[in-house]
Amino acid sequence: MYTTDIGLLRLKRNITYNSFIKPVCLYNRTVDISTFYGREGKVTGWGFNRDGVISNVLNYLEVPVVSQKVCSQRNVQFNGVLAVGESFCAGHADGNSVCNGDSGGGLVFAEGSRYYVRGIVSISAQRRNLLLCDPNQYSVFTDVSKFLNWIRQQVS
């Protein structure tokens, strides 16, 4: 069973930064996600919107990190993935959520003038009998801080 989603791309050309394209830092201060409980980060994506339509514009949403206990009580199907300890939950569970098509997007947190990536959209709960996310549930994010050594090995 795979428990996380993470990958790196090596680009053939340099990126030109502008007001729409900016670098994001790797969060390397602590691997303890509990220090983020209740803290809101920004997640972006082109996935399905609340009307069940794929978005043609990049959307963003601010979502709080929730404790593993709260998440697994509400989303029993996430217990196996969360038990491994390389993922965490975030969301409002109120109709605003990441959805199909948002996977791989970063969950970033502002600190000063910089943004730090801490999560990667991994799993959304499904609506009953539909292959579409349930925006009234939390979502699972790969915890980037647990993969810093692997990332450094790949980019060196």
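Rules used in this analysis
- Residues numbered from 1 in each chain as written.
- Predicted model: local features only at pLDDT ≥ 70, side-chain atom pairs only at ≥ 80, totals over all residues.
- Heavy atoms only, no water.
- UniProt positions renumbered as here; feature names shortened; annotations may be inferred.
- Disulfide = S-S within 2.5 Å.
- Helix = DSSP H or I, 4+ residues; strand = E, 2+ residues; numbered from the N terminus.

The name recorded for the chain in an unreviewed UniProt entry is Peptidase S1 domain-containing protein, from Anopheles maculatus. According to the UniProt record, the Sequence similarities (unreviewed entry) comment for the chain reads "Belongs to the peptidase S1 family. CLIP subfamily."

S.K.: Where do I start with the state of the cysteines in this structure?
M.R.: Every disulfide links exactly two cysteines, by a covalent bond between their sulfur atoms. Evaluation of the coordinates by the stated rule reveals two disulfides. Between Cys-71 and Cys-89 runs a disulfide, and the two sulfur atoms are separated by 1.9 Å. An S-S torsion of about -55° defines the bridge between Cys-71 and Cys-89 as left-handed. Of this pair, Cys-71 sits in helix 1 (residues 68–74) while Cys-89 sits in strand 4 (residues 87–90); the two residues are 18 residues apart in sequence, bridging distant segments of the chain. Disulfide pairing is shown between Cys-99 and Cys-133; the S-S distance is 2.0 Å. When the S-S torsion is -100°, as for the bridge of Cys-99 with Cys-133, the disulfide is left-handed. With a gap of 34 residues between them, Cys-99 in the loop between strand 4 and strand 5 (106–111) and Cys-133 in the loop between strand 6 (114–124) and strand 7 (139–143) connect regions that are remote in the sequence.

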